[in-house]
Amino acid sequence: MKQETKWFEVQENESISECMSKMTAQGFQVVGRREEPLFQEVNGQPVPVRQIIQLKGIKEGKK
């Protein structure tokens with residue numbers, strides 16, 4: 001039986017805790033996290049803008 005998984009992205013205007021609460025409300029449990037930088041080109045050079053954070057969730061009750 002395949003577990004239902006989904007990636008949730010932490011939005012710019014929300015905290016990680018708020019994203020985790022949103023996941024819990026939808027019935028998902030956090031099982032992973034990944035981050036990657038977001039760059040913008042300024043004068044031909046890459047400049048970091050922010051960090052993109054994603055949380056991986058699985059449906060609770062399924063193991």
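The text that follows walks through the structure, step by step, so that each part is easy to find.

**Re the nonpolar core**
Inference 1: Grouped together as the largest cluster of nonpolar side chains are seven residues: Phe8, Val10, Cys19, Met23, Phe28, Ile53 and Leu55.
Inference 2: Those elements that place two or more of their residues in this core are helix H1 (16-25) and strand S3 (45-59).
Inference 3: Sequence-distant contacts of Met23, that is, excluding residues within four places in its chain, are made with Phe8, Phe28, Gln29, Val30, Leu55, Lys56 and Gly57.

**Brief notes about the packing of aromatic side chains**
Inference 1: Under the definition given, this model contains one aromatic pair.
Inference 2: Taking the centre distance of 5.3 Å and the plane angle of 70° together, the rings of Phe8 and Phe28 count as edge-to-face. Of this pair, Phe8 sits in strand S1 (residues 5-9) while Phe28 sits in strand S2 (residues 28-42), placing them 20 residues apart in sequence. The exposure classification of Phe8 matches that of Phe28, with both residues buried.
Inference 3: Across from the ring centre of Trp7, 3.8 Å away, lies the NZ or CZ of Arg34, which sits over that ring.

Basis of the calculations
Residues numbered from 1 in each chain as written. Predicted model: local features only at pLDDT ≥ 70, side-chain atom pairs only at ≥ 80, totals over all residues. Heavy atoms only, no water. Core = buried A, V, L, I, M, F, W, Y, C linked by side-chain atoms within 4.5 Å. Buried < 20%, exposed > 50% of the residue type's maximum accessible area, 1.4 Å probe, protein only. Helix = DSSP H or I, 4+ residues; strand = E, 2+ residues; numbered from the N terminus. Contact = heavy atoms within 4.5 Å. Phe/Tyr/Trp six-rings, centres within 6.5 Å; stacked < 30°, edge-to-face > 60°. Lys NZ or Arg CZ within 6 Å of the ring centre and 35° of its normal.

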